[in-house]
Amino acid sequence: MMRDGEKGPVGIEMVKRRVQTRLERKRTGPEEWLVVTRRPLADESTLEGESPPDATEQDGRYRDRYYLTPTCVSEVKLAEPSLTELARVIKRPVH
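Keep in mind the model is a prediction, meaning the values are calculated, not measured. (Residues numbered from 1 in each chain as written. Predicted model: local features only at pLDDT ≥ 70, side-chain atom pairs only at ≥ 80, totals over all residues. Heavy atoms only, no water.)

1. What about the overall build of the chain?
Piece 1. Within the chain, the secondary structure is distributed over one helix and eight strands.
Piece 2. In the chain, the order of α-helices and β-strands from amino to carboxyl end is β-β-β-β-β-β-β-β-α.
Piece 3. Across the 95 residues in the chain, those meeting the buried criterion constitute 29%.
Piece 4. Taking the contacts inside the chain whose residues are at least 6 apart along the sequence as the reference set, 48% of them involve residues at least 24 apart. (Helix = DSSP H or I, 4+ residues; strand = E, 2+ residues; numbered from the N terminus. Buried < 20%, exposed > 50% of the residue type's maximum accessible area, 1.4 Å probe, protein only. Contact = heavy atoms within 4.5 Å.)

Shown next, in the form of structure tokens:
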């Protein structure tokens, strides 16, 4: 994906997968979307909103961030979000 940054276009990689957490006694939790974003560390512009430190990794070249989003609310299934929709929500500032 590309978006406009302060110094020109900025590349960001995103992937989403449906996941389900495992709870105690081998029970499973609700289904969620796991969204992983990756951007080069050389780009210091803000591409994404704040995420907790335990949801961020760096390997010297890239910063990876992890997000979970529900697949249903109050037992109503949500439509599968596009990567564009997820990117828009992730980069939105948190108030």
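2. Notes on the nonpolar core
Here is a general trend for soluble globular proteins: nonpolar side chains tend to be buried in one another's company.
Piece 1. Of all hydrophobic cores here, the largest spans seven residues; its members are Ile12, Met14, Val35, Tyr67, Leu86, Ala87 and Ile90.
Piece 2. The dominant element in this core, judged by the number of residues it contributes, is helix H1 (residues 83–91), at three residues. (Core = buried A, V, L, I, M, F, W, Y, C linked by side-chain atoms within 4.5 Å.)

3. Some remarks on the packing of aromatic side chains
Piece 1. Summed over the entire model, instances satisfying the criterion amount to zero aromatic pairs.
Piece 2. Between the NZ or CZ atom of Lys16 and the centre of the ring of Trp33, over which it lies, the distance is 5.3 Å.
Piece 3. Seen from the ring of Tyr62, Arg38 lies directly overhead, with NZ or CZ sitting 4.7 Å from the centre. (Phe/Tyr/Trp six-rings, centres within 6.5 Å; stacked < 30°, edge-to-face > 60°. Lys NZ or Arg CZ within 6 Å of the ring centre and 35° of its normal.)

4. Observations concerning H1
Piece 1. Inspection of H1 places Leu86, Ala87 and Ile90 among the buried residues, and these make up the whole buried set. Buried residues of H1 fall within an arc of 100° about the axis and therefore sit on the same side.
Piece 2. On its buried face, H1 is in contact with strand S3 (13–22), strand S4 (28–40) and strand S6 (62–70). (Arc of directions from axis to C-beta.)

5. A short note on the pattern of salt bridges
Piece 1. Tallied over the entire structure, the rule returns four salt bridges.
Piece 2. We note a salt bridge from Arg27 to Glu24, for which the minimum N-O separation is 2.8 Å.
Piece 3. Residue classification places Arg27 among the partly exposed residues on the basis of a relative accessible area of 46%.
Piece 4. Asp64 serves as the salt-bridge partner of Arg38, at 2.8 Å between the closest nitrogen and oxygen. Of this pair, Arg38 sits in strand S4 while Asp64 sits in strand S6, and the two are 26 residues apart along the sequence.
Piece 5. Look at Asp64 and you get buried, because its relative accessible area is 10%. (Salt bridge = Lys/Arg side-chain N within 4 Å of Asp/Glu carboxyl O.)

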